[in-house]
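Examination of the molecular architecture
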Amino acid sequence: MSGPNLAPPNQAFNGASPLQIEVDVNLKAYNTFGLPAVARRLVRIREAADVRRVVDHPELGRAPKFVLGGGSNLVLTKDLDPLVLKVEIKCIRLLETRDDAWIVEVGAGERWHDVVAWTLDNGYPGLENLALIPGTTGAAPVQNIGAYGLEIKDRLESVAVMDLVTGRPAVLPASVCRFGYRDSVFKHSDFGGLADKSVITHVRLRLPRPWVPVLGYLELERRMAETGNTHPDARTIFDWICAIRRAKLPDPAVIGNAGSFFKNPVVTAEQCRDIISRDPGIVHYPMPDGSVKLAAGWMIDACGWKGKTVGGAAVYDKQALVLINKGDARGAEVVTLARAIQESVYGRFGIRLEPEPVVL
């Protein structure tokens, strides 16, 4: 499978280059938390060749860089001095039909929820459990997004990247992406990690044939029981999940937020038994490997944080796992609130919550 088309290797930056460098760009509209910050310089990446043009630029090629997608997993606490690469590559198409799967190629700048809807509209189910997750497609494998029993790693064929030093393309199969819980090779810079070393330009999704629903999640089981529909189709599951998420998660277009702010911690069975002996009501999910995932939102709520504020930042009153911008929050206030929550949960449960968003 070939990589995306690239500019010729000798196409260096000059006055006629399509590269456009924007200066002092307000990033408030480019992060879902709606936090104030300014990018000193910003370049929009609208095709893979733009990465090569940046690399070939006599000044920008050597500058530190920050890759920005939809800004849905980001807490900005200051202005950004690195060159911001705003990824806006648009493309979505059926690349290949196999006996056992549909392979769909998506540009990294496509809105993820739109991709989920497109696959269903065109008869390629398999992503419905990941509906309404904010952000762009290029960020999906970085974070290994997941919800309702499914993660992107379960549907990923490969990732097309461009090297930020050489400008060369590569196609990485899912097997080398080192996926973990909200983790991947793209989040680490050491030991072969690719953070700050590459830009994801395209994602290839593998949607299994025949389609098999993923229903082993409590809220979906409740929907089946309530409706009497024990064999929902993909569109029904999509609609259910959109309704569930809208009922408990704020729309970033209305209330600034970065979705779930903390990861659900994973502990040993022995640790879980110890916590249950003190807090019998704690929500927990046994994992196939014998470990246990604890509900971070339940622990935060149990510590009394729901609805509490620090300046313009607050804990969402309908879901304690979500921190929100009441309208004029600054990044420092979000961080202060998050740290206070971490200390409170650690003091009661002995568990150190880990934030999901990147804090800059």
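Residues numbered from 1 in each chain as written. Predicted model: local features only at pLDDT ≥ 70, side-chain atom pairs only at ≥ 80, totals over all residues. Heavy atoms only, no water.

The next point concerns the overall build of the chain. When its secondary structure is counted, the chain shows eight helices and 20 strands. The globule rule puts the C-alpha radius of gyration for 360 residues at 21 Å, and the 21 Å found for the chain is close to it. Viewed in the frame of its principal axes, the chain has a C-alpha envelope of about 65 × 55 × 40 Å. Expressed as a percentage of the 360 residues in the chain, the buried residues total 50%. Long-range pairs, those at least 24 residues apart, make up 62% of the contacts in the chain with a sequence separation of at least 6. (Helix = DSSP H or I, 4+ residues; strand = E, 2+ residues; numbered from the N terminus. Rg over C-alpha atoms; globule rule 2.2 N^0.38 Å. Buried < 20%, exposed > 50% of the residue type's maximum accessible area, 1.4 Å probe, protein only. Contact = heavy atoms within 4.5 Å.)

Turning to the sheet that holds strand β2 (residues 38-45), a few remarks are in order. The pairing of strands in a sheet comes from backbone hydrogen bonds and takes either a parallel or an antiparallel form. Within the open sheet, the four strands sit side by side as β1-β2-β5-β3. Their pairing is mixed. Single-partner strands in this sheet number two, and they are β1 (21-26) and β3 (65-68). For this sheet the average axis-to-axis angle between neighbouring strands, irrespective of direction, equals 40°. Where β3 lies against strand β5 (residues 83-87), four bridges are found, and the strand directions are parallel. In the sheet register, F66 faces β5, and the bridge partner there is V84. Against the sheet, helix α1 (residues 48-56) contacts β2, β3 and β5, and its axis sits at roughly 130° relative to β2. (Pairing = 2+ DSSP bridges. Axes fitted to C-alpha atoms, helices over the stretch in contact; angles between N-to-C directions.)

At a minimum axis distance of 10 Å, the contact between helix α2 (residues 112-121) and helix α5 (residues 234-248) shows a crossing angle of 155°. The angle between α2 and α5 falls in the class roughly antiparallel. As for how α2 packs across α5, the hand of that crossing is left-handed. Across the interface between the two elements, H113, V116, A117, L120 and D121 of α2 pack against A234, R235, F238 and C242 of α5. Broken down by class, the residue content of the contact of α2 with α5 amounts to six nonpolar, one polar and two charged. (Parallel < 35°, antiparallel > 145°, perpendicular 65-115°, else oblique. Left-handed = near helix turned anticlockwise from the far one by under 90°. Nonpolar A, V, L, I, M, F, W, Y, C, P; charged D, E, K, R; others polar.)

Two descriptors summarise a pair of aromatic rings, namely the distance from one centre to the other and the angle between the planes of the rings. Under the criterion given, the structure shown has seven aromatic pairs. Between F33 and F261, the aromatic rings sit 6.5 Å apart at their centres with planes inclined by 75°, giving edge-to-face as the arrangement. Placement of F33 in the loop between β1 and β2 and of F261 in the loop between β13 (256-260) and β14 (266-267) is noted, with a sequence separation of 228 residues between them. By the ring-pair criterion, three or more aromatic residues cluster together here, those being F33, F261 and F262. Across the ring face of W305, the terminal group of K308 is positioned such that the distance to the ring centre comes to 6.0 Å. If you follow R352 out to its NZ or CZ, it ends over the ring of Y346, 4.2 Å from the centre. (Phe/Tyr/Trp six-rings, centres within 6.5 Å; stacked < 30°, edge-to-face > 60°. Lys NZ or Arg CZ within 6 Å of the ring centre and 35° of its normal.)

By the secondary structure assignment, T137 is in the loop between α2 and α3 (139-143). Among all residues touching T137, those that are not within four sequence positions of it are V106, G107, A108, E110, R111, W112, V115 and V203.

Moving on, we get to α1. By the criterion of burial, α1 is predominantly enclosed, with eight of the nine residues buried. Those residues of α1 that sit buried are A48, A49, D50, V51, R52, R53, V54 and V55. For α1, the elements touching its buried residues are β2, β3, β5, β10 (156-163) and β12 (198-208).

Moving on, we get to the pairing of strand β6 (residues 92-97). By the bridge criterion, five bridges tie β6 to strand β7 (residues 101-107) in an arrangement that is antiparallel. Bridge pairing links R93 to E105 in β7. The antiparallel pairing of β6 with β7 creates a hairpin that spans three residues between the two strands.

So, about the confidence of the model for the chain. Reading fine detail from the predicted coordinates is not recommended where pLDDT is low. Per-chain confidence: the chain averages 90 in pLDDT, with 95% of residues scoring 70 or above. Per-element mean pLDDT across the chain ranges from 86 in strand β15 (residues 284-286) up to 98 in β7. Segment residues 1-16: pLDDT under 50, and 32 contacts once partners within four positions in sequence are set aside and those in other chains are kept. (pLDDT = per-residue confidence, 0-100.)

A few words on unusual backbone geometry. With an omega of -5°, the peptide bond running from R209 to P210 counts as cis. Among the secondary structure elements, P210 is positioned in the loop between β12 and α4 (218-227). A positive phi angle is found at D24, which is not glycine, with a value near 50°. The backbone of Y148 shows a phi angle near 50°, a positive value even though the residue is not glycine. Examined against the element boundaries, Y148 turns out to sit in the loop between β8 (146-147) and β9 (150-151).

Below, the discussion takes up the layout of surface pockets. Here the second largest pocket is characterised by a volume of approximately 610 Å³. Forming the boundary of the second largest pocket are 26 residues, of which R111, P134, G135, D251 and P252 lie nearest the centre. Looking at the lining of the second largest pocket, the elements that each hand over two or more residues are β5, α5 and β13. Of the residues that constitute the lining of the second largest pocket, the class distribution is ten nonpolar, ten polar and six charged. (1 Å grid on protein atoms, 1.4 Å probe; cavity = no way out; pocket = protein on both sides within 12 Å on 5 of 7 lines; lining within 4 Å. Points joined across faces, edges and corners; volume = space filled by probe spheres on them.)

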